[in-house]
There are 2 protein chains.
Amino acid sequence: MTYGGIEAGGTKWVCAIGGGPDDLRDTATFPTTTPEETIARAAAFFANDGSVAAVGIGSFGPIDIQPGSPTWGHITTTPKPGWANTDIASALGSALNVPIAVDTDVNAAALGEHRWGAAVGLDTFCYITVGTGIGGGGMANGRLMHGLLHPELGHMRIPHDRERDPFDGICPYHGDCLEGLASGEAIRARWGWAGEENVDEHIWHLEAEYLALGLVNVICTLSPEKIVLGGGVMKQPQLLPLVRKQVSELLAGYISAPELDGELDDYLVAPALGDRAGVLGSLELARNFARART
Amino acid sequence: MTYGGIEAGGTKWVCAIGGGPDDLRDTATFPTTTPEETIARAAAFFANDGSVAAVGIGSFGPIDIQPGSPTWGHITTTPKPGWANTDIASALGSALNVPIAVDTDVNAAALGEHRWGAAVGLDTFCYITVGTGIGGGGMANGRLMHGLLHPELGHMRIPHDRERDPFDGICPYHGDCLEGLASGEAIRARWGWAGEENVDEHIWHLEAEYLALGLVNVICTLSPEKIVLGGGVMKQPQLLPLVRKQVSELLAGYISAPELDGELDDYLVAPALGDRAGVLGSLELARNFARART
């Protein structure tokens, strides 16, 4: 069977048709413009192929992923202009006349890593993206994390020493939440960073400190077996080692598990699927959804 | 079938024999002294009855609850004198010659609330205790939260404005983590509070603020359908309403779910089983364990 996957991001959409990382028949990437135009481009891409049995969407959010909810498949309170209260799932489903599975972009990426990447065989783990924003998903007890809605990791509150870092944070809802202090947008606003590789030590030390505080809170709350860290900001090669060191220092030996001893090299890891985790996980969402229906 | 339950706390152990809240044949409560003496008293209580098919222990921690681990059933890195690296499960199992189920005190309480209390029918929720320390457990996707080890909610980091509250925190590992700032021990150390009912407004406003920061982080990480708040500190009658108000303000409308609109009266709740959640949940641990073995 052939499935379709869409990594529906706030900046771009990545679409793929196939069965997995070594079996992709076609892919397309286009910018996220208006909802109508963006959804129409995705629909045209899959319609042109004509073979997909189901499409999975891993979307930016917040998005309603509660089966049976009247606003299922709607992006809800996003500050992204034009996209609040947009129904992406039904719009695509009616255009293509195939079943649509929908989850968060980070849950989709987590699913991809669980099927083919760094989280194979794990029951409880997180996938966290540090890019324009900060988001997180994952599995708890072997299933994707949903709950009331879905995790919104980027909006947790962490210590913020305003003497060392007087920056107010950029979150329109919370100011200096984790995303407000440590997202790519925050680094851009604070330091003028434009996404390039950069060796300015104090930028990345501060960044590692905030990310480590967020990760420690995730570890204390969910007790994940592993955390996969993706997203554009994590591509700074010096960042992940700094984050590991800070997490280790913050935990201070309290949580006794061999995985948390030493350098955390196998505990805090980059996505094995790289940038394709989201779109491949979206394919897998479609496959799981189609299987559950038969 | 009759089961035994132990709420193994750092201050006292509560033991019960029976099948549920309306069917308790015998109970006993005694102080937590040395491991040998405390375990022997529990063993004598159950041996004297002679009818229990299995015993469930909901214990203070950190505790190794990983089935198959060589230190399964051991309390590990606790700062409680004499109790670090104590094997409580096998000691009791050999004394009684019945199967022993073991989990954290807060997971046991969560299980009790799930079976008979405030969390019936929920898949993903938390039980958080604010007492001498702060701990949290619950269910994710319909099963108790384990992961790498188990949640250690009390040790997350939250914002701490040292100008308003110069108190350093009392956690021997982390200083001003959530438990370090907001546990009963922290309130005692900061204000001289001795556990009595107290109407001093600034104590409880600050307490509500810290607890709300912790709860917001739990909401952002796990997206629970409900949070049950137990423990001695939560018995201050003015505290829960203050916590609800602060959580609502901190979320600032970002997470769109009907449960988070309004006063949060049905979202942040007291345990329906009151102080018996832990020991009743421990009975239920025993029942589930015995069932899974047959």
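What you see is a predicted model; the values in this text were computed from it and never measured.

1. Concerning the overall build of chain A
Next, step 1: Each helix and strand in chain A was counted, giving eight helices and 12 strands.
Next, step 2: Here the C-alpha atoms of chain A give a radius of gyration of 19 Å, agreeing with the 19 Å that 2.2 N^0.38 yields for 294 residues.
Next, step 3: If one aligns the C-alpha atoms of chain A with their principal axes, the spans along those axes are about 55 × 40 × 35 Å.
Next, step 4: Here chain A, with 294 residues, has 61% of them falling under the buried criterion.
Next, step 5: Within chain A, contacts between residues at least 6 apart in sequence are counted, and of these 64% link residues at least 24 apart.
Next, step 6: Side-chain charges of chain A comprise 19 positive and 36 negative groups, with the mean position of each set lying 5 Å from the other.

2. Side note on the interface of chain B and chain A
Next, step 1: Each partner contributes residues to the interface: chain B has 45 residues there, and chain A has 45 residues.
Next, step 2: At the boundary of chain B with chain A, total buried surface from both sides reaches about 4100 Å², with 61% on carbon and sulfur atoms.
Next, step 3: For the interface between chain B and chain A, the tally reads zero salt bridges.
Next, step 4: At the junction of chain B and chain A, the tally comes to 30 residue pairs in polar contact (both at pLDDT 80 or more).
Next, step 5: Among the secondary structure elements, those contributing two or more residues to the side of chain B that touches chain A are strand S10 (143-144), helix H6 (201-222) and helix H7 (239-251) of chain B.

3. Quick look at the pairing of strand S8 (residues 125-130) of chain B
Working note: regular strand, side chains alternate between the two faces of the sheet.
Residues and elements named next belong to chain B.
Next, step 1: Burial runs high along S8: five of the six residues are buried.
Next, step 2: With antiparallel pairing between neighbouring strands as the criterion, S8 and strand S9 (residues 134-140) make up a hairpin whose turn holds three residues.
Next, step 3: Bridge analysis of S8 against strand S11 (residues 227-230) gives four bridges, and the strand direction is parallel. Counted as the bridge partner of Thr 129 is Gly 230 from S11.

4. A short note on the environment of A:Gly138
Next, step 1: Relative to the elements of secondary structure, A:Gly138 occurs in strand S9 (residues 134-140).
Next, step 2: With near-sequence residues (within four places) excluded, A:Gly138 lies in contact with A:Asn107, A:Ala110, A:Phe125, A:Cys126, A:Tyr127, A:Arg143, A:Leu144 and A:Met145.

5. Quick look at the packing of aromatic side chains
Next, step 1: Within this structure, the stated rule accounts for 10 aromatic pairs over all chains.
Next, step 2: Measuring from centroid to centroid gives 6.0 Å for B:Trp13 and B:Trp83, while their planes differ by 50 degrees, and the two rings are tilted. Taken together, the residues span a long stretch of sequence, with B:Trp13 in strand S2 (residues 12-20) and B:Trp83 in the loop between strand S5 (74-75) and strand S6 (86-87) at a distance of 70 residues.
Next, step 3: On the accessibility criterion, B:Trp83 (1% relative accessible area) is buried.
Next, step 4: Chaining the aromatic ring pairs together yields one cluster made of A:Trp13, A:Phe60 and A:Trp83.

6. Regarding the sheet that holds strand S8 (residues 125-130) of chain A
All names here are of chain A.
Next, step 1: One open sheet accounts for five strands, arranged S10-S9-S8-S11-S12; its pairing is mixed. The open sheet terminates on both sides in strands that have one partner only, identified here as strand S10 (143-144) and strand S12 (268-269).
Next, step 2: Where strand S11 (residues 227-230) lies against S12, two bridges are found, and the strand directions are parallel. Across the sheet, the residue bridging to Ile 227 is Leu 268, located in S12.
Next, step 3: Helix H3 (residues 105-116) contacts S8, S9, S10 and S11 of the sheet and is inclined by roughly 50 degrees relative to S9.

7. Details of the relation of the copies chain B and chain A
Next, step 1: Once chain B is rotated about the relating axis by 180 degrees and shifted along it by 0.0 Å, it coincides with chain A to within an RMSD of 0.0 Å. On the angle and the small slide along the axis, the relation comes out as a two-fold axis. Among all C-alpha atoms of chain B, that of B:Pro159 lies closest to the rotation axis, at 1.9 Å.
Next, step 2: A high fraction, 100%, of the interface residues of chain B reappear at the interface in chain A, so the copies pair face to face through one surface.

8. Remarks on the sheet that holds S2(B)
Strand pairing within a sheet occurs via backbone hydrogen bonds; the two strands may be parallel or antiparallel.
Residues and elements named next belong to chain B.
Next, step 1: If you trace the five strands from one edge of the open sheet to the other, you get S3-S2-S1-S4-S7, paired in mixed fashion. Every other strand in the sheet has two partners, leaving strand S3 (23-31) and strand S7 (100-104) as the edge strands with one partner each. Across the sheet, the axes of successive neighbouring strands diverge by a mean angle of 15 degrees, strand direction being ignored.
Next, step 2: Pairing geometry for strand S1 (residues 3-8) and strand S4 (residues 55-59), over five bridges, is parallel.

9. What about helix H6 (residues 201-222) of chain A?
It helps to recall that an α-helix has 3.6 residues per turn; residues three or four apart then point in one direction.
All names here are of chain A.
Next, step 1: Between its first and last C-alpha, H6 extends 31 Å over 22 residues, near the 32 Å set by a 1.5 Å rise per residue.
Next, step 2: Most of H6 sits out of view: 18 of its 22 residues are buried.
Next, step 3: Positive backbone phi, at 55 degrees, marks Ser 223, one or two positions downstream of H6.

10. Quick notes on the confidence of the model for chain A
Low pLDDT marks regions whose predicted coordinates should not be analysed in detail.
Next, step 1: Residues at a pLDDT of 70 or more form 100% of chain A, whose mean pLDDT is 95.
Next, step 2: In the predicted complex, the global pTM is 0.96; the interface-specific ipTM is 0.96.

11. What about the packing of helix H5 (residues 184-191) of chain A against H6(A)?
Residue and element names in this part refer to chain A.
Next, step 1: H6 packs onto H5 with a crossing angle of 140 degrees between their chain directions and a minimal axis gap of 12 Å. The orientation of H5 with respect to H6, classified from their angle, is oblique. Taken as a pair, H5 and H6 cross one another with a handedness that is right-handed. The segment H5 lies against H6, with Ile 187, Arg 190 and Trp 191 engaging His 202, Ile 203, Trp 204, Leu 206, Glu 207 and Tyr 210.
Next, step 2: A breakdown of the residues in the contact of H5 with H6 according to their chemical character gives six nonpolar, one polar and two charged.

12. A look at the side chain of B:Gln236
Residues and elements named next belong to chain B.
Next, step 1: Along the chain, the position of Gln 236 falls in the loop between S11 and H7.
Next, step 2: Polar contacts involving the side chain of Gln 236 include one to the main-chain amide nitrogen of Asn 198, which spans 3.2 Å.
Next, step 3: For Gln 236, the contacting residues outside a window of four places in its chain are Trp 193, Glu 196, Glu 197, Asn 198 and Trp 204.

13. Structural notes on a negative patch on the surface
Next, step 1: A surface patch of like charges, here negative, comprises A:Asp161, A:Glu163, B:Asp161 and B:Glu163.
Next, step 2: Along the polypeptide, B:Asp161 turns up in the loop between S10 and helix H4 (178-182).

14. Quick word on the pairing of strand S3 (residues 23-31) of chain A
All names here are of chain A.
Next, step 1: With eight bridges connecting them, strand S2 (residues 12-20) and S3 associate as antiparallel partners. By the bridge assignment, Ile 17 is partnered in S3 with Asp 26.
Next, step 2: Connecting the antiparallel pair S2 and S3 is a turn made up of two residues.

15. Section: the pattern of salt bridges
All names here are of chain B.
Next, step 1: Applying the stated rule across the entire model yields 22 salt bridges over all chains.
Next, step 2: Notably, a salt bridge pairs Arg 188 with Glu 185, separated by 3.2 Å at the nearest N-O pair. Placement of both Arg 188 and Glu 185 in helix H5 (residues 184-191) is noted, with a separation of three residues, approximately one turn of the helix.
Next, step 3: Looking at Arg 188, the relative accessible area reads 39%, which means it is partly exposed.

Rules behind the numbers
Residues numbered from 1 in each chain as written. Chains lettered and ligands numbered in written order. Predicted model: local features only at pLDDT ≥ 70, side-chain atom pairs only at ≥ 80, totals over all residues. Heavy atoms only, no water. Helix = DSSP H or I, 4+ residues; strand = E, 2+ residues; numbered from the N terminus. Rg over C-alpha atoms; globule rule 2.2 N^0.38 Å. Buried < 20%, exposed > 50% of the residue type's maximum accessible area, 1.4 Å probe, protein only. Contact = heavy atoms within 4.5 Å. Lys, Arg positive; Asp, Glu negative; His and termini not counted. Charge placed at Lys NZ, Arg CZ, Asp CG, Glu CD. Buried area = accessible area lost by both parts, 1.4 Å probe. Salt bridge = Lys/Arg side-chain N within 4 Å of Asp/Glu carboxyl O. Polar contact = N/O pair within 3.5 Å; in protein donor to acceptor, adjacent residues only side chain to side chain. Pairing = 2+ DSSP bridges. Phe/Tyr/Trp six-rings, centres within 6.5 Å; stacked < 30°, edge-to-face > 60°. Axes fitted to C-alpha atoms, helices over the stretch in contact; angles between N-to-C directions. Least-squares fit on C-alpha atoms with pLDDT ≥ 70 in both. Expected span 1.5 Å × (residues − 1). pLDDT = per-residue confidence, 0-100. Parallel < 35°, antiparallel > 145°, perpendicular 65-115°, else oblique. Left-handed = near helix turned anticlockwise from the far one by under 90°. Nonpolar A, V, L, I, M, F, W, Y, C, P; charged D, E, K, R; others polar. Patch = residues over 30% accessible without salt bridge, like charges linked within 9 Å, V, L, I, M, F, W, Y side chains within 5 Å. Areas by Shrake-Rupley, 256 points an atom, 1.4 Å probe, with all protein chains shown as cover.

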